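# A structural walkthrough
One-letter residues, chain by chain:
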Amino acid sequence: MTNFIDFLLGGFSNGAVIALMALALVMVWRSTRMVNFAQVGQAMFTTYIALTIQQSTGNWLLALAVAMGAGLILGTIVFFLVIRPVKNSDTTGAIIATFGVLIALQAGAGMIWGGDPEGFLPPVSNAGLEFAGRIWPISLYDILVLAVTAALVIGLTLLFTRTSLGLSMRAAAFNPEVARLSGVRVNRMLITGWAIAGATGAVGGVLIAPVSTISPNSFDILLVFAFTAAVIGGLDSLIGAVTFGIGTGLVISLVSGYTDASNAPVVALVLLALNLLLKPDGVFSHHGSRSV
Amino acid sequence: MLETVDLCVSYGAVKALNGMSLVVPRGEVTAVIGANGAGKSTLMRTLAGLVTLQSGQVLFDGVSVAGKKPEDIVRNGMALVPEGRSTIPELTIEENLRLGGLWRSKTDRGASKDLVFDLFPILGQRASMRADTLSGGERQQLAIGRALMSDPRCLLLDEPSLGLAPLIVTQILELVSRLATETNLAVLLVEQNAVTALRVATTGVVLNLGEVVKSGPAAEIASDEELRHAYLGY
Ligand SMILES: Nc1ncnc2c1ncn2[C@@H]1O[C@H](COP(=O)(O)OP(=O)(O)OP(=O)(O)O)[C@@H](O)[C@H]1O
Ligand SMILES: [Mg+2]
């Protein structure tokens, strides 16, 4: 039983990062009805930028802020790279193009920063907290990760529900034609969706870097988990992405704890397959059918 | 005032509008009536910027608006309530309304909202509920309300009677007609349901296969038996 609780507790901060990545995928999905497979590549790239800032200034907050800014910009750039050339054609072309961008980002990062894994110093201790006479599988850093994730999720929720920009973005996602007829500049909203997704993924990257390492491919596995969470959550549900992102983190932690960490991706794919068989529209989706 | 001159629109080989000219003065309702496929929705969607015209002119208060984007056309004072349920069910009633005039200042928006709630009290009472909790007639009111939130000088209504009980249609159209007179609004109403449309309109225009076959005072059109038999099918 102690094992179970320890494994569970150990999964939260990992789950928070998966939730952020899933949120990024969902925001892109809501904008342009497609999955951006370059999302983790963008996060990897902006995390390298954050690492450079961290190494030269030692200021973690600054590194995080710069990564977010770079995420916004990179999200916008990828939008134009992927969406513009294949405009008016089917989304399949655009989805394949996101794979191209992923490969290009990984190659680019390899050339700039080298292919060897690098460490990213956490701003606070990453050692298990001592409390009530024992060491728990949660560190001060895990708490920071959860706090930053919570702040970002709350911020995004307020943005979407309380601001004119958020209303415009939701309207553009739900019904582009009615949005345009209402005066919303829909194309700008789509770009904004990609940009915010980029920034969200960037935060996820910076948060996960100190507990993994960073290399051009180190976030690939994150894509599997985030994609699983986003799809199970219904692909267009922000709440779904967060809930199942954290849920996926807990499942991975349990699987890794009781068996072996290398089994986690397989379990994620099994969950994904089960979900597509049993409830193909996702748990939180209120829409009809969808195609990936 | 809205004016179209020799408007031509095609979908590939299909000529939907074939040299259509029309005048929509302020302060009254102009009704365009015609059977299925006459080109009514095409006309409306072209005016709103959703469909590109092949040739001809669209003049709004003397300025050409042909080829502009839908979002600029509505910001410029011409709002379309498209055919069917043109509300966003996932948003609340208040959000659907707010969406209609997001670019305007808060005070201007507030004034429009008061006007809409005055016109359609049910929207005010249910403001915080999701739009999909409304009945068909109420949703049509919401769609019109959303368009009014842009403070238009010209309102385009594409078949508001679709799927609604005749009594409700009459009620809604009479409100719109009163609004046109009271606020000097130009209303272009497109309908298959000729009787109701011509009752609230000042001028009637009969459209057939993309061409105007007759236009004149609404009462005159309504009483023209031949026209009715030939183009309106009743
Ligand atoms: N997107 C489209 N692509 C091809 N043809 C179209 C398209 N939209 C309309 N049409 C054709 O253009 C003609 C006019 O259609 P339109 O929708 O304007 O008619 P309508 O008068 O609004 O009819 P209804 O009363 O059924 O709404 C029809 O022959 C229709 O089949
Ligand atoms: Mg029509």
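On a predicted model such as this, the values are computed, not experimentally measured, just so you know.

Definitions and limits used
Residues numbered from 1 in each chain as written. Chains lettered and ligands numbered in written order. Predicted model: local features only at pLDDT ≥ 70, side-chain atom pairs only at ≥ 80, totals over all residues. Heavy atoms only, no water. Patch = residues over 30% accessible without salt bridge, like charges linked within 9 Å, V, L, I, M, F, W, Y side chains within 5 Å. Areas by Shrake-Rupley, 256 points an atom, 1.4 Å probe, with all protein chains shown as cover. Salt bridge = Lys/Arg side-chain N within 4 Å of Asp/Glu carboxyl O. Helix = DSSP H or I, 4+ residues; strand = E, 2+ residues; numbered from the N terminus. Buried < 20%, exposed > 50% of the residue type's maximum accessible area, 1.4 Å probe, protein only. Pairing = 2+ DSSP bridges. Axes fitted to C-alpha atoms, helices over the stretch in contact; angles between N-to-C directions. Contact = heavy atoms within 4.5 Å. Donors = N, O, S within 2.8 Å, 3.2 Å for Na, K, Ca; no water. Buried area = accessible area lost by both parts, 1.4 Å probe.

### Re a nonpolar patch on the surface
Residue and element names in this part refer to chain A. Together, Val266, Val270, Leu274, Leu277 and Leu278 line one region of the surface with nonpolar side chains, adding up to about 530 Å² of accessible area. Here Leu274 is to be found in helix α11 (residues 264-278). With a relative accessible area of 42%, Leu274 lands in the partly exposed category.

### Focus on the sheet that holds strand β8 (residues 186-191) of chain B
All names here are of chain B. Within the open sheet, the 6 strands sit side by side as β6-β7-β8-β3-β9-β10. Their pairing is mixed. At either margin of the open sheet sits one strand with a lone partner, and together these are β6 (78-81) and β10 (211-217). On average, each strand axis in the sheet is inclined to that of its neighbour by 15°, with strand direction left out of account. Looking at chain direction, β6 and strand β7 (residues 154-158) are connected through 4 bridges and run parallel. Paired with Ala79 across the strands is Leu155, a residue of β7. Across the sheet, helix α1 (residues 40-47) touches β3 (29-33), β6, β7, β8 and β9 (203-208), and the angle it forms with β8 is around 150°.

### Quick look at the coordination of the magnesium ion (ligand 2)
All names here are of chain B. Surrounding the magnesium ion (ligand 2) are the protein donor atoms Ser41 (OG) and Glu83 (OE), which sit 1.9 to 2.0 Å from the metal. Highlighted residues: Ser41 in helix α1 and Glu83 in the loop between β6 and α3 (93-99), separated in sequence by 42 residues. What makes Ser41 partly exposed here is its relative accessible area of 22%. A relative accessible area of 40% means that Glu83 is categorised as partly exposed.

### Here's the deal with the interface of chain A and chain B
Every contact between the two is made by 18 residues of chain A and, on the other side, 23 residues of chain B. Summing the contributions of chain A and of chain B, the shared interface buries around 2,000 Å²; its carbon and sulfur component is 57%. Where chain A touches chain B, the interface holds 4 salt bridges. For the salt bridge of Arg45(B) with Glu177(A), the shortest nitrogen-to-oxygen distance reads 2.9 Å. The set of elements that each furnish at least two residues to the side of chain A that touches chain B consists of α6 (164-174) and α7 (176-181) of chain A. Top contributing element to the side of chain A that touches chain B by residue count: α6(A), with 6 residues.

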